[in-house]
Amino acid sequence: MSQSFTYTGTSDYIAAPDLMQTVNVAVQLSRPLLIKGEPGTGKTMLAQSIARGLEMPLIIWNVKSTTKAQDGLYIYDTVQRLYDGQFGDGDVSDIGRYIKMGKLGEAFAGDERVVLLIDEIDKADLEFPNDLLWELDQMEFTIPETRATVKAKQRPIVLITSNAEKELPDAFLRRCVFHYIEFPDEDMMERIVHVHVPQLDKRLLDLAIQAFYWLRDVPGLQKKPSTSELIDWVQALARGGVDPKEIAARLPFMGVLLKKDHDVDVAQRALSSGRRR
Amino acid sequence: MFTDFFFLLRFYGVPVTITEWLALMRALALGLAPASLDQFYAVARSILVKSEAYFDQYDQAFAAMFKGIETPPRIEDEVWEWLANPLEMPGLTDEERRLLAAAMEDLDLEALKRMFEERLAEQDEAHHGGNRWVGTGGTSPFGHSGFHPGGIRVGGESRGRSAVKVAGERRYRGYRTDQEVGVRQFELALRRLRQLSSRSEGVPDELDLDETIEETAGNAGRLSLVWRKSRKNAVKVLLLMDVGGSMHPYIRLCSQLFSAVNRSSHFKDLRFYYFHNCVYDWLYLDTSCSLSNAISTRRVLQELPSDTKLILVGDAAMAPSELMARDGIIWWGYGNDEPGIEWLRRLRGHFDHSVWLNTIPESDWEHTYGSVTIRKTREVFPMFELTVDGLTAATKKLMVRF
């Protein structure tokens, strides 16, 4: 049965062969796939691509610094129940009506097999991944209020992304399959940009990519420009009708690539020193 | 016999566990790495290695395993045997066996072996090229969180190239951290530094149960919710780090602590400065310790309230004159009117809570170089060794009144 799910990438997402393979390993071993990589290497988009490639619905759980593991399972809306009790709306004795599934619960409860993306797990509290160990292992949890057990009919494909802001606990890591998305090289980048912006002057694209990698190598940048910024930038260049010759010399629309004053200064200095040489 | 790879990985410092090893065995049994070393490389790595920081060690172990360097020839032969006879692998269906056998015929073992040898030669050069401890080599050791790929360009994808070749290139050297204790443990220890603020600031976002019951009762049973302001951590931290020459062996340890402190977003205020061996009139803003980028120690004392927690990190091992004498500062020409010990006492006096974390293990404090100044410093500051346990003890000390 599981043999039939083989991910081979989709037309709008360029996946490296080893990444595809890792995805398939995770799917077949039914283990969560942990994806790490620099911002802008397409971690979140991978989930969308997998969902599309395997034709499964995608459920995204965006983790924030305040997110608790419990939020992903279910929420018991006691306040609503209290209100209903006072105003006599509905059947208050049926607690089940006030249990709202979280994203993880949703993924378990559905009849279909889904792709569940737990996005930016490192944003949450240090203990957050540990709190999900059992649920992700067994793909089930109990709701004490109703004594119901939510068990996944079809084990969802779980994808977890991390920006490495926090170290993840070992016990959690042991259960995952891990892939580190490297920053794409120039050829790969050209294909990626081409997928997003198909009609683009080849010369403009080449020069823009060259300038982009040059900029990333400038020492002292606080935040290096990433893929999404490059895509915005080439679009800006194309619409602005910039002469391709200008690109390397002047980096027009630099604000699209660099978001910090400090970085713009550093880049300007590197540009002018480069010109002198 | 294939288990040797497991031990080899552990030998190279990749923290592989049995759970993960069994998962790999399952993956192989499922036929996820059909008869190709390249695929085996990727599949095994995705299951066994959980941080890019260990990719380099994995590459080394992989190269060693399949090249036979630094491993007895017995293993090498057995590996080739294993490669040549995939049919003996357990848990394969007949269909898979047939496919495996067909695929193996395309694999030219002799060519592969030759390539191993070539790579071995190259690997040796790269290996002795130094640059083992990335993050300490040349660049500022306190720059940014341990293994962040800042500045390191990694080659492109490995499409169409042999896994062994890729492994030999050791492209992931830049991601190594070689952590002994780990940032996470430090982070956990630092969480003890928590002191909740009063309810006077912030937005009301917490349900006040007692008030809600009171109000609801007063409202003849009609629910009336009362919200209150939640309490936030109010701990302010000042971290002073020694970057003197004798601290070099501990740079990695210090940068781990630094990343942990830096990532601990729960502090209300966090400041860090550097000093060279001992604190005098100036504190430095970066590790180069030049007066052009420094702040007056007095100004820091004026700016920071006394309830700031002071953490000093250093080996406290210096020439006695640096601590006890006027103009004892190690830089000629800087000069200090007051001996270093006076500055230490002043710091101690200004802040209610302060600790000194010593990078030298506690057992050596009495008889290492600098034991005199360590003893003197201990008279001023409560001193703990810079380990997870030491840090935990230190954070306790920082939270109680003495």
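Participant: Give me the overall build of chain A: which residues, what numbers.
Facilitator: The number of helices and strands found in chain A is 14 helices and 9 strands. For chain A, the proportion of contacts with a sequence separation of at least 24, taken over those separated by at least 6, is 75%.

Participant: Before we move on, can you summarise the overall build of chain B with the specific residues and values?
Facilitator: The secondary structure content of chain B amounts to 16 helices and 9 strands. Across the 402 residues in chain B, those meeting the buried criterion constitute 35%. Within chain B, residue pairs in contact and separated by at least 24 positions form 72% of the contacts whose partners lie at least 6 positions apart.

Participant: Talk me through the interface of chain B and chain A; I want residue IDs and the actual numbers.
Facilitator: Contacts between chain B and chain A engage 33 residues on the former and 33 residues on the latter. For the side of chain B that touches chain A, the elements supplying multiple residues, two or more each, are α2 (18-29), α3 (37-48) and α9 (183-190) of chain B.

Participant: With reference to specific residues and values, describe α3 of chain B.
Facilitator: What sets the pattern is the α-helix's 3.6 residues per turn: residues three or four places apart point alike. Residue and element names in this part refer to chain B. Relative to the 16 Å expected for 12 residues at 1.5 Å per residue, α3 spans 16 Å between its end C-alpha atoms, a close match to the ideal helical length. Of all 12 residues making up α3, 10 are buried, and the element is well covered by its neighbours. Within the sequence span of α3, burial applies to D38, F40, Y41, A42, V43, A44, R45, S46, I47 and L48.

Participant: Provide a residue-level description of unusual backbone geometry, including the pertinent values.
Facilitator: Residues and elements named next belong to chain A. The backbone phi angle of M139 is positive, close to 55°, even though this residue is not glycine. For M139, the location among the structural elements is in the loop between α7 (133-138) and β6 (140-143). Even without being a glycine, F253 presents a positive backbone phi close to 55°. Topologically, F253 is positioned in the loop between α12 (244-250) and α13 (254-257). Classification of F253 as partly exposed rests on a count of 17 C-beta atoms within 10 Å.

Participant: Any details on the packing of helix α1 (residues 3-11) of chain B against helix α4 (residues 55-67) of chain B? Residues and values, ideally.
Facilitator: Two measures define how a pair of helices packs: the angle their axes make with one another and the distance between the axes. All names here are of chain B. Packing of α1 against α4 brings their axes to within 9 Å, and their N-to-C directions diverge by 140°. If you check the angle between α1 and α4, you find them oblique. Seen along the crossing, α1 lies across α4 with a hand that is right-handed. Here α1 contributes F5, L8 and L9 to the contact with α4, which in turn contributes Y58, A61, A64 and M65.

Participant: Describe the pairing of strand β3 (residues 236-242) of chain B, listing the residues and the values that go with them.
Facilitator: All names here are of chain B. Among the 7 residues of β3, 5 are classified as buried, and the element is accordingly described as predominantly covered. Of the pairings in the sheet, the one linking β3 to strand β4 (residues 269-275) comprises 7 bridges and is parallel in character. Directly across from L239, in β4, lies its bridge partner F272. In the sheet, β3 pairs with strand β7 (residues 309-314) via 5 bridges, with the strands oriented parallel. For V237, the partnering residue across the bridge sits in β7 and is K309.

Participant: Break down α2 of chain B for me, citing the residues and quoting the values.
Facilitator: All names here are of chain B. With 12 residues, α2 extends 16 Å between its outermost C-alpha atoms, agreeing within 8% with the 16 Å of an ideal straight helix rising 1.5 Å per residue. Here α2 has its buried residues at E20, A23, L24, A27 and L28. Looking straight down α2, one finds that the buried residues subtend no more than 140° of arc, so they occupy a single side. Opposite the buried face of α2, by more than 90 degrees, sit the exposed residues I18, T19 and L22.

Participant: Talk me through the nonpolar core; I want residue IDs and the actual numbers.
Facilitator: Across soluble globular proteins, nonpolar side chains have a tendency to be buried as a group. Of all hydrophobic cores here, the largest spans 77 residues; its most connected members are L33, I50, V115, L116 and L159 of chain A. No other element matches the 8 residues that α4 of chain B contributes to this core. Setting aside residues no more than four positions away along its own chain, I50 of chain A makes contact with Y7, V23, V115, I157 and L159 of chain A.

Participant: Outline the sheet that holds strand β8 (residues 157-162) of chain A, supporting the account with residue identities and numerical values.
Facilitator: Residue and element names in this part refer to chain A. With parallel pairing, 5 strands are arranged side by side in an open sheet as β2-β5-β8-β1-β9. The open sheet has two edge strands with one neighbour each: β2 (58-62) and β9 (177-181). Between one strand axis and the next, the sheet turns through 20° on average, direction left out of account. Pairing geometry for strand β1 (residues 33-37) and β9, over 5 bridges, is parallel. Directly across from L33, in β9, lies its bridge partner V177. Most of the contacts of helix α1 (residues 17-29) go to β9, to which it runs at about 160°, and overall it touches β1, β8 and β9.

Calculation criteria
Residues numbered from 1 in each chain as written. Chains lettered and ligands numbered in written order. Predicted model: local features only at pLDDT ≥ 70, side-chain atom pairs only at ≥ 80, totals over all residues. Helix = DSSP H or I, 4+ residues; strand = E, 2+ residues; numbered from the N terminus. Contact = placed C-beta atoms within 7 Å. Buried ≥ 20, exposed ≤ 12 C-beta atoms within 10 Å, placed from the backbone. Expected span 1.5 Å × (residues − 1). Axes fitted to C-alpha atoms, helices over the stretch in contact; angles between N-to-C directions. Parallel < 35°, antiparallel > 145°, perpendicular 65-115°, else oblique. Left-handed = near helix turned anticlockwise from the far one by under 90°. Pairing = 2+ DSSP bridges. Arc of directions from axis to C-beta. Core = buried A, V, L, I, M, F, W, Y, C linked by C-beta atoms within 7 Å.

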